Every structure is written in C-alpha cells, then in structure tokens.
Amino acid sequence: MQPEGPYRFTHALGGSPVGKAWAAIDEQGRFVTVAVLDATVAATAGWREAFSGAADLLAQSADPTPYTYADFSAAAPWVAYSADVGPGAEKLFRALGVDYTPAPTTAPPTSAPPSVSAPPSVSAPPVSAPPQPVSGGPPAPWAVQAAPIPSQLVSASQHPISGVPASPAAVTSSPPAVPIPTSGPGGDAFVAPARRITPSARPPRRTGLWIGIAALVLVVLAGAGGVALWKGSGGEDTPTVTASGSSLGPPPLPTAPPQAPGIEPPKPGAWPTQWPKYNERDEVQTLTDLDGVGFPVKLPMDWKCALVARADGFIKYNCGNNAPGEQMIGGELIVRSCPAPCNEQWQNAMRAVEEAWGAQWVRSGQHASYAEQIIEANGTKRHGLVVVAYVRSGEAGMIDRQVVVRMTSPVDGAYLLRRFASYIRDVTVF
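So, here's what we can say about the structure. Since this is a predicted model, take the numbers as computed values, not measurements.

### Considerations on the sheet that holds strand 6 (residues 101-102)
The antiparallel open sheet is built from six strands, whose spatial order is 4-5-3-2-1-6. A strand with exactly one partner marks an edge of an open sheet, and here the two such strands are strand 4 (69-71) and strand 6. When strand 3 (residues 31-37) meets strand 5 (residues 78-82), the two strands line up antiparallel, connected through five bridges. Within strand 5, the residue paired with Val34 across the bridge is Ala80. Of the strands in this sheet, strand 3 and strand 5 touch helix 2 (residues 47-59), which is tilted by about 20 degrees from strand 5.

In structure tokens, the structure reads:
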C-alpha cells in the first residue's frame, strides 16, 4: 500500500526496518524523494521525535540536506526532498542509524527482516541553515532507479524490499536521545517548522500540524513566564492575558487552533500596487497615542481603536467603525515582539498560528505576507483581509516585531481594508 501525501508516488527506492524511501512527483511535476516512517513505528514512543529530529539535523548540518516539505504529525510521518539534493530520503534513514536496503532492480532477496531496537541517538552540530524551496530540473539517476512510467502507480507490494518488515512489531518503546537545535538565548522551540507542511489542497482544519506548533509555543511561553488564554464567546475569540512581568520572553500567542489557518507556504508575489491609499480628500484621523504600538495609526473619522489585551511584548487593539451587523468594518491590530533572532523560522511559525479563513498566503515582501478571502458570517458574505509582517524598531534597526492586521468588511467595502493595510505598510516600512 502506498503512503498518503500530496505526491504521485512512482516506485519504492529502498527501505529499512522503520520505514521506506519513495520516488515521487509533486504537483508541479518536479521529482522528489520521500522518507515515510511506518505508522506503527511512529506510534511507538520516541520514534516520531527521532525521525523529525534527524530531519532537522540533516537540514542544519555543516553539509546540509534541506527538506522541502514534511508532515511530522501524520499517522505515518513523511519528509520530502528535492531530487536536486540527492538521495535525501535515504540519507534520513541512514542518519537514524538503522539498516537501509536499496530496492532491487532484479528479483528481490527473501532474507528475514532484522529486528528494530530503540530509536537511535542522533547528533550533529546544528547551524542556522533553514530548508530551501524545491527547485525544478530533471531527475537525478538515483531518482529513477527501476522507475515505471509515472502514470503507473506502483504499490509497495510490487517492489518488496529486503530488510523491511511487514509489521514492525519488534520496535521497543525506549525513547531516543535526539538533540534539539537552538538558535538564540534559551533555544528556539520552533525547530525548522516552516517546512512541516503539506503543499496540497488543505483539509478543512489542519489541527494535527497546528497542535504541534502550539505545543512548542506553549513550551516557550511557559519558560518565559507568560501565557495567553483565549476564550470563545459568541463566535469570537476574546483573550485574557496573564504575564508574570519577570521575564521579557516570547510574547503571548493563541493557545487554541485557528479555525482556518492560511495555506502554506506563501506563494510568490508582491504588494498589490493597485490597492488604494489615503489622500488629502479623505476624512481621516491619526492616532499617535496607541500605547505599545510604536507608530501612528491613521484611520477613517468614524473608526475607533479600543485596547483588548496586553502583556510584555504584546498589544492588541480592535479598530473599526463599530457599526452594527452587516455594516461593521474593521478588526484586529496586533503588535508582538519577535524573539531574537527574528529569523525565517520564527516568522513562519508565528504566522502559522494566525487565523486566515483558509486563504492562500501570498508573499508581499521579504518579511511580509497577506491573504484575502470571501467569508460567510451569519449567512452574509464578507471580505476578509489579514496581513502578517515583521518590522524594525529601536535604534538597532533589527527586525524584532510582528504586526498583524486582520479585518473584515462588507464585500463592497474591501477597499477600506486595503487602504488601511497599505497605510500600515507605508508607516512601518515592511
């Protein structure tokens, strides 16, 4: 039986007592190799963590082998590598310290499979080299070993692999010792989360992926002494923030999964130049006293901004026209500290926990993304816009803050949201 995933699996490349390596083609027709951990092994204590830890260490070693996408929360976790980086799937299994047997090109041997011991210890000096996007190009020779015609999907049973048990019942429950790479004081709890995503059409709710990210967020927040609790009320999230005040660690993030996070990864793009901006004829006001925001906020005369929650390194306002029902326009303006160094890993992980109504993220700059969607609220269609950007503050001029704008309007009022977002972009320079 072939594994599940957003790929067209063509044939098995090899296997081990804990999983198999597959040749596959992604949705853009590019060749990849995919390492799939057996579901039974993944259910055994320690192996899922060893699998993800080995993938991270390979991606951040001195001679990195970055993966393009992965889903470590799936029943059978998988990691995909571009054909350009070589036999990545094979390298991952060998990094786990288990026997790996390439798929035979002739009649396969019938030797008995070896037993599986406790998850191995994986160690390598971590460096800051995040996974890179997959690139196009022809398949490498190893990627087409014994390959059938791509349209002919071949199951694992058609290519039996020596050394791969039918059922890894011999797996023990001893946990592995997998070091977690760090990238800053106190460690980076988001170990390369940017690529732990599925590039195919997303399911209604990616709770498995989010829970993994949220768990890591909570670990960091617990160590920092601050926690943000989100309570559902009337279909809206109302935060109650508590913070010790004794530590300026990572800022509060939601601890309940978004109903519909944005589709990852962001597709290439740019800020829409056709979006409107404020001009001298617009009746606007400029608020310069919004505590914790750090920049002036310009908005229509009939809008107001009300403080909703705050903690160390975190501030949230609701800004809008306060009109009833269908005519309501506005939403959230959030400013958070981004842990140092505010690198791509942190930026992607923080964006992943933002509500985006299931819309596709679009890259609008080196440190910003936006998403738009027509949503339905109480039987009425509305326009939703969310922008997540990372900006500089202070004299050092380093990227150290996250700005989130998440607002809705009647469909014909989209220009008001876009105009506000364009102003925020200009004033914060992202």
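### So, the packing of aromatic side chains
In this structure the tally under the stated criterion is 14 aromatic pairs. Ring geometry for Trp271 against Tyr370: centres 5.9 Å apart, planes inclined by 65 degrees, an arrangement best described as edge-to-face. Pair noted here: Trp271 is in the loop between strand 9 (263-267) and strand 10 (284-287) and Tyr370 is in strand 16 (residues 368-377), with a separation of 99 residues, a long-range link. According to the relative accessible area criterion, Trp271 is buried, its value standing at 8%. Look at Tyr278 and Tyr423: their rings are 5.9 Å apart centre to centre, the planes differ by 65 degrees, and that puts the pair in the edge-to-face class.

### Quick look at the state of the cysteines
Overall, the coordinates contain two disulfides when judged by the stated rule. A sulfur-sulfur distance of 2.0 Å marks the disulfide that ties Cys305 to Cys319. The sign of the S-S torsion, about 115 degrees, decides the handedness of the disulfide formed by Cys305 and Cys319: right-handed. Placement of the pair is Cys305 in strand 12 (residues 304-311) and Cys319 in strand 13 (residues 314-320), with a sequence separation of 14 residues. A relative accessible area of 18% places Cys305 in the buried class. Judged by its relative accessible area of 2%, Cys319 is buried.

### As for unusual backbone geometry
Cis geometry is adopted by the peptide bond preceding Pro265, which originates at Glu264 and carries an omega value of -10 degrees. Relative to the elements of secondary structure, Pro265 occurs in strand 9. Ala340 connects to Pro341 through a cis peptide bond whose omega is -5 degrees. Position of Pro341 among the secondary structure elements: in the loop between strand 14 (330-337) and helix 5 (344-352). The phi torsion at Asn322 lies on the positive side, around 60 degrees, for a residue other than glycine.

### Focus: the environment of Asp302
Along the chain, the position of Asp302 falls in the loop between strand 11 (297-300) and strand 12. Considered as a pair, Asp302 and Gln285 are 17 residues apart in the sequence and their alpha carbons are 9.0 Å apart. Once you skip the residues sitting within four places of it in the chain, Asp302 turns out to touch Gly320 and Asn321.

About the cut-offs
- Residues numbered from 1 in each chain as written.
- Predicted model: local features only at pLDDT ≥ 70, side-chain atom pairs only at ≥ 80, totals over all residues.
- Heavy atoms only, no water.
- Pairing = 2+ DSSP bridges.
- Helix = DSSP H or I, 4+ residues; strand = E, 2+ residues; numbered from the N terminus.
- Contact = heavy atoms within 4.5 Å.
- Axes fitted to C-alpha atoms, helices over the stretch in contact; angles between N-to-C directions.
- Phe/Tyr/Trp six-rings, centres within 6.5 Å; stacked < 30°, edge-to-face > 60°.
- Buried < 20%, exposed > 50% of the residue type's maximum accessible area, 1.4 Å probe, protein only.
- Disulfide = S-S within 2.5 Å.

Geometric descriptors of this kind do not, in isolation, establish any biological role.
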